[in-house]
Amino acid sequence: MQPRFASMRGLFVLLTGEGAQRLLSFVAIWLLSNRLAPADYAAVEVSLSAMMFAALFVELGFPLLAAREVARDPTAEQRLAPTVLRLQCGAAVLLVALAWLARAAGWLGPELGTLLPVYAASLLLLPWLVPWAFQGRGAMHWIAAPGVLRQGLFLLLTAALVRSSGDLARLPWLEVVAVGGAALLAQWAWRRGRIGGRSAIGPAPGATAMLREAAPMGVSQLLWALRMFLATLLLWHLVPKEAVGRYAVAHRVMMVLQAVLTMYFTNLFPGLSRAARGPRAILKPLLLRSTAIAVGGTLALALCVAANADGLLRLLFRPELCDAESASCLRLLVAVLPLLACRGHARMTLLAFGRSRLELVCSVAGTLALAALIPWWTRQSGVAGAAMALLVAEGFGLLLTLAAFAAAWRDRALPVRRVAGGA
């Protein structure tokens, strides 16, 4: 019998949980977009973009690396946990210190200086969500449940406590409380023995070897976040703040839709890590089938959204944030989704093969192309130019990743390494 990539039950749980998270998060953002002045709303979007990048830095690539190892050998969870938690907590402390230093030095400006340092405090809680342990064991419901709790708490607190721009300083503290609640739930599930494991962060041997193995995955994830959110960060300095808000609403819709892909790959990766060790004759049809499903689904979704971009934005956001430019941004941004679906399969297979450094080269090249295109295209076409830059850069990155995948596929002696990490 041929192995299946992923449990349909796991995928259903992840998609349901992610759908609930995105809905709750979107309602919270919708409330903020209607209650805050456009410039303050733009500052929130820029802060959230920076936090996405910071969260991936804290992960250091360990969610993918550790999930891969636990999927291959469930006993690896106990061996990896102390080192993963210690390194992630250290990264979080570093970013919190940098955020407060930037505020003290006046580098952030008044709006971001109010938001970012407190938002950064929530990074200290992220390692305790331990999603890699749940993912590696296939317990997808314990990835979904803390996320739903987090977004639900944030929505309730935001609805009650942030009524206008005068309450803006409260917002990042609400995020800290929400992440704390999610971390408590995840730790309860982890400790009770259903998943196994302990949350000790004491010294553990093998940290250097683990970090060396995880670093390319972590940097690649950081570059993904940079590509997805770089336009928002750069537009803050390139166009009026109100124009940033018009790009941000289109980008918010695109990222909600893109979350479906994220959950698909989260569910796919453990099975892919196991299948990559087997015969190519079994791996090939499964990979082709999965790619066809993901690309076909995202293409249909992108066409539907593009055809109704104006009405969708007017339905979701207030008129000041919706115009022809924001609709053009949305049409261009949703066209990125099929590219991400195809590229994601090649990328995940490279990681499963142990070719993370090869994949990293492709990510670096795509990110550099995007960084060069955004300022030039924005000067030519405004914020819609930034969306076009993302579409073109992702197309370029897709071609590079497919070429790397083809080279790795031809190599019949792919190493499947086992990470030592604190035995």
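Parameters and conventions
- Residues numbered from 1 in each chain as written.
- Predicted model: local features only at pLDDT ≥ 70, side-chain atom pairs only at ≥ 80, totals over all residues.
- Heavy atoms only, no water.
- Helix = DSSP H or I, 4+ residues; strand = E, 2+ residues; numbered from the N terminus.
- Buried < 20%, exposed > 50% of the residue type's maximum accessible area, 1.4 Å probe, protein only.
- Contact = heavy atoms within 4.5 Å.
- Areas by Shrake-Rupley, 256 points an atom, 1.4 Å probe, with all protein chains shown as cover.
- Phe/Tyr/Trp six-rings, centres within 6.5 Å; stacked < 30°, edge-to-face > 60°.
- pLDDT = per-residue confidence, 0-100.
- Expected span 1.5 Å × (residues − 1).
- Bend = angle between axes of the 7 residues up to and from the residue.
- Salt bridge = Lys/Arg side-chain N within 4 Å of Asp/Glu carboxyl O.
- Axes fitted to C-alpha atoms, helices over the stretch in contact; angles between N-to-C directions.
- Parallel < 35°, antiparallel > 145°, perpendicular 65-115°, else oblique.
- Nonpolar A, V, L, I, M, F, W, Y, C, P; charged D, E, K, R; others polar.
- Core = buried A, V, L, I, M, F, W, Y, C linked by side-chain atoms within 4.5 Å.
- Left-handed = near helix turned anticlockwise from the far one by under 90°.

Explain the overall build of the chain to me, please; I cannot follow it from the model alone.
A tally of regular secondary structure across the chain gives 16 helices and zero strands. The proportion of buried residues among the 423 residues of the chain is 57%. If you take every contact in the chain between residues at least 6 apart in sequence, the share linking residues at least 24 apart comes to 85%. Here the chain displays about 16900 Å² of accessible surface, and carbon together with sulfur accounts for 68% of that area.

How should the side chain of Thr378 be read in this particular structure?
Along the chain, Thr378 falls in helix α15 (residues 356-381). Apart from residues no more than four positions distant in its own chain, Thr378 is found in contact with Leu235, Leu238, Val239, Gly385 and Ala386.

When you look at the environment of Glu325 in this model, what are you seeing that I'm missing?
Checked against the element boundaries, Glu325 lands in helix α13 (residues 324-334). Taking the C-alpha atoms as reference points, Glu325 and Arg246, 79 residues apart in sequence, are found 7.5 Å from one another. Those residues in contact with Glu325 that sit more than four places away from it in its chain are Arg246, Ser381, Gly382, Val383 and Ala384.

Please clarify how the packing of aromatic side chains should be interpreted in this entry.
How two aromatic rings sit relative to each other is set out by the distance from centre to centre and by the angle between their planes. Using the criterion set out here, one finds seven aromatic pairs in the structure. On the numbers, 5.5 Å between centres and 65° between planes, the contact of Phe26 with Phe317 is edge-to-face. One end of the pair, Phe26, is in helix α1 (residues 8-35); the other, Phe317, is in the loop between α12 (309-316) and α13, and 291 residues separate them in sequence. Given a relative accessible area of 11%, Phe26 falls into the buried group. Each member of the aromatic cluster is reached from another via a ring pair, and the members are Phe353, Phe405 and Trp409.

Is there a simple way to think about the confidence of the model for the chain in this case?
Should pLDDT be low for a region, the predicted coordinates there are not to be read in detail. In the predicted model, the chain carries a mean pLDDT of 84, and 90% of its residues have values of at least 70. Ranking the elements of the chain by mean pLDDT puts helix α3 (residues 62-72) last, at 77, and helix α8 (residues 171-191) first, at 94. Between residues 1-6, whose pLDDT stays under 50, and residues either more than four places distant or in other chains, the model counts 15 contacts.

When you look at helix α4 (residues 76-104) in this model, what are you seeing that I'm missing?
Three- or four-residue spacings in an α-helix give side chains the same orientation, since the helix completes a turn every 3.6 residues. The terminal C-alpha atoms of α4 lie 42 Å apart, and with 29 residues this matches the ideal 42 Å at 1.5 Å per residue to within 8%. Along its length, α4 shows its largest kink, about 25°, at Pro82. Once α4 ends, the next one or two residues include Gly106, with phi positive near 80°.

What should I look at first to understand the pattern of salt bridges in this one?
Proximity of charged atoms lets side chains of opposite charge pair with each other. Inspection of the entire model under this criterion finds nine salt bridges. Its salt-bridge partner being Glu394, residue Arg227 comes within 2.6 Å of it at the nearest N-O pair. You can see Arg227 sitting in helix α9 (residues 207-238) and its partner Glu394 sitting in helix α16 (residues 383-410), a full 167 residues away along the chain. For the pair formed by Arg227 and Glu394, the shared burial category is buried. A salt bridge links Arg347 to Glu359; the nearest nitrogen and oxygen atoms lie 3.3 Å apart. One end of the pair, Arg347, is in helix α14 (residues 336-352); the other, Glu359, is in helix α15, and 12 residues separate them in sequence. Across the pair, Glu359 and Arg347 agree in class, each one buried.

Would you take a moment to explain the packing of α13 against α16 for this structure?
When two helices pack together, their arrangement is given by the angle between their axes and by how far apart the axes lie. With their axes 8 Å apart at the nearest point, α13 and α16 run at an angle of 0° to one another. If you check the angle between α13 and α16, you find them roughly parallel. Between α13 and α16, the residues in contact are Glu325, Ser328, Cys329, Leu332 and Leu333 and Val383, Ala384, Ala387, Met388, Leu390 and Leu391, respectively. Taken together, the residues of the contact of α13 with α16 break down into nine nonpolar, one polar and one charged.

Is there a simple way to explain the environment of Pro38 in this structure?
Mapped onto the elements, Pro38 comes out in helix α2 (residues 38-59). As a C-alpha pair, Pro38 and Ala243 span 205 residues in sequence and 9.1 Å in three-dimensional space. With sequence-adjacent residues up to four places away left out, Pro38 is seen in contact with Glu242 and Arg318.

How do you make sense of the nonpolar core when you look at a structure like this?
Nonpolar side chains in soluble globular proteins generally cluster together in the buried interior. Counting 137 residues, the largest nonpolar core has Leu123, Trp132, Phe134 and Tyr247 as the members making the most contacts within it. Examining the composition of this core, we find that 16 residues originate from one element, helix α10 (residues 241-275), more than from any other.

Please explain the packing of helix α11 (residues 280-307) against α14 as it appears in this structure.
Put simply, α11 and α14 touch, their axes get as near as 7 Å, and they point 160° apart. The orientation of α11 with respect to α14, classified from their angle, is roughly antiparallel. α14 is crossed by α11, and the crossing has right-handed handedness. On α14, the residues that touch Leu287, Ser290, Thr291, Ala294, Val295, Thr298, Leu299, Leu301 and Ala302 of α11 are Leu337, Pro338, Ala341, Cys342, His345 and Thr349.

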